[in-house]
Amino acid sequence: MRVSNSLTEWKQRREALAGTIGFVPTMGALHRGHASLVERCLSENDTAVVSIFVNPTQFNDATDFARYPRSMNADLDLLECLGVHEVLAPEVAELYPSGLRFRVEEPVEENALSSLMEGRHRPGFFTGVLTVVLKLLNLVRAERAYFGEKDYQQLQLITQMARDLFIPTQIFGCPTVRESSGLAESSRNALLSPAARGKAACLSRALAEARSAEEANQWLEAEGFAVDYVEEHWGRRFGAVHLEGVRLIDNVPL
């Protein structure tokens, strides 16, 4: 496994690669959900590339950015064990040489996809996500890229961006991986106490078992969660909650 920490180094590596390339972009703090994306990537491509980059432009809260879990050494060990060929782990200054002067935004309209749910509660979030993903897709130039369905709204926007901007990389969504309790695997789970981690499984149960979004909201509030939203779109039910100051999201098909 080769690790490129500079874009100059990566570009040299990229020119040496042959065959089909698959790409899994991550923000590190890797877990079984990431591993499932990597395993699919490895099974469908000659070369698997994984990026590790905690993207500052998608955080509207500096404290949240500083608190986001980072475990580079453990992440690299996991990726090597999985059989990943290439890792791209650039510095912020290299990916944003001009700051956020050039960025990707969906036009703000009443029913714009980016104005719903995460976009409404995290101003600037999708601008940061779409911008960094576009940069990474252009750098890696993969045939296929893999994203988890836990971030389903994000997946829809990335798919639309790639289509509308004629990015040749095919975008694939992969099923959410869950802990035995039903809690969706997430890097943020590591910030929860053991007791809260057990309680957090109520999120997936409420979304799956409640008879309506309103009932799921009431269920979660009764369990002590601070609820940002429970909504239904695209045949799925979505929820975002806070527990011990940690923000968790999930969605289930209806």
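Check the entry above for the structure.
These remarks concern the structure in this document. On a predicted model such as this, the values are computed, not experimentally measured, just so you know. (Residues numbered from 1 in each chain as written. Predicted model: local features only at pLDDT ≥ 70, side-chain atom pairs only at ≥ 80, totals over all residues. Heavy atoms only, no water.)

1. Thoughts on the overall build of the chain
Looking only at helices and strands, one finds eleven helices and ten strands in the chain. Against the globule reference of 18 Å for 254 residues, the chain gives a C-alpha radius of gyration of 18 Å, in line with a compact fold. Considered along the principal axes of its C-alpha atoms, the chain spans approximately 55 × 40 × 35 Å. Every one of the 254 residues in the chain was classed for burial, and the buried ones make up 52%. Sequence separation of 24 or more characterises 71% of the internal contacts of the chain that already satisfy a separation of 6 or more. On the chain, roughly 11900 Å² of surface is accessible, and the fraction owed to carbon and sulfur atoms is 50%. In the chain, the 26 positive side-chain charges and the 34 negative ones have mean positions that sit 2 Å from each other. (Helix = DSSP H or I, 4+ residues; strand = E, 2+ residues; numbered from the N terminus. Rg over C-alpha atoms; globule rule 2.2 N^0.38 Å. Buried < 20%, exposed > 50% of the residue type's maximum accessible area, 1.4 Å probe, protein only. Contact = heavy atoms within 4.5 Å. Areas by Shrake-Rupley, 256 points an atom, 1.4 Å probe, with all protein chains shown as cover. Lys, Arg positive; Asp, Glu negative; His and termini not counted. Charge placed at Lys NZ, Arg CZ, Asp CG, Glu CD.)

2. Some points on the sheet that holds strand S4 (residues 86-88)
The strand order S1-S4-S3-S2-S6-S7 describes an open sheet built from six strands, whose pairing is parallel. Both outer strands of the open sheet, strand S1 (2-4) and strand S7 (170-174), are each paired with one neighbouring strand and no more. Taking the axes of each pair of neighbouring strands and ignoring which way they run, one obtains an average angle of 25° across the sheet. Strand contacts of helix H2 (residues 32-44): strand S2 (21-26), strand S3 (47-52), strand S6 (144-148) and S7, with the helix running at about 160° to S6, the strand carrying the most contacts. (Pairing = 2+ DSSP bridges. Axes fitted to C-alpha atoms, helices over the stretch in contact; angles between N-to-C directions.)

3. Overview of the nonpolar core
In this structure, Phe23, Leu95, Val133, Leu137, Val140 and Ile171 are the most contacted members of the largest nonpolar core, which totals 40 residues. Elements with a contribution of two residues or more to this core: helix H1 (7-16), S2, helix H7 (125-140), S6, helix H8 (152-164) and strand S9 (236-243). Considering every element that reaches this core, the biggest residue donor is H7, with eleven residues. For Val140, the residues in contact, after removing those within four places along its chain, are Trp10, Arg14, Ile21, Phe23, Val49 and Leu88. (Core = buried A, V, L, I, M, F, W, Y, C linked by side-chain atoms within 4.5 Å.)

4. Some remarks on the pattern of salt bridges
Under the definition given, this model contains 17 salt bridges. For Arg122, the salt bridge goes to Glu118, with nearest N and O atoms at 3.8 Å. Take Arg122: its relative accessible area is 11%, and that puts it in the buried class. Note that Asp250 is salt-bridged to Arg178, the shortest N-O span being 2.7 Å. With Asp250 in strand S10 (residues 246-253) and Arg178 in the loop between S7 and helix H9 (194-200), the pair connects residues that are 72 residues apart, well separated along the chain. What makes Arg178 partly exposed here is its relative accessible area of 27%. Through salt bridges with shared partners, a single ionic network connects Glu118, Arg122, Asp228 and Arg247. (Salt bridge = Lys/Arg side-chain N within 4 Å of Asp/Glu carboxyl O.)

5. Here's the deal with the sheet that holds S9
Reading across from one edge, S8-S9-S10 is the order of the three strands in this open sheet, with antiparallel pairing throughout. Each edge of the sheet is formed by a strand with only one pairing partner; in this case those strands are strand S8 (226-233) and S10. If you compare each strand with its neighbour and ignore which way they point, the axes differ by 10° on average. Packed on one face of the sheet, helix H10 (residues 202-209) meets S8, S9 and S10 and runs near 30° to S10. Relative to the sheet, helix H11 (residues 213-222) contacts S8 and S9, its axis offset from that of S8 by approximately 160°.

6. Notes on the packing of H7 against H8
Contact pair H7 / H8: the axes reach a minimum separation of 10 Å and the direction vectors enclose 50°. One way to sum up the angle between H7 and H8 is to call them oblique. Where H7 crosses over H8, the handedness of that crossing is right-handed. Where H7 abuts H8, its residues Phe125, Phe126, Val129, Leu130, Val133, Leu134 and Leu137 lie against Gln153, Gln154, Leu157, Ile158 and Met161. Here the residues of the contact of H7 with H8 are counted per class, giving ten nonpolar, two polar and no charged. (Parallel < 35°, antiparallel > 145°, perpendicular 65-115°, else oblique. Left-handed = near helix turned anticlockwise from the far one by under 90°. Nonpolar A, V, L, I, M, F, W, Y, C, P; charged D, E, K, R; others polar.)

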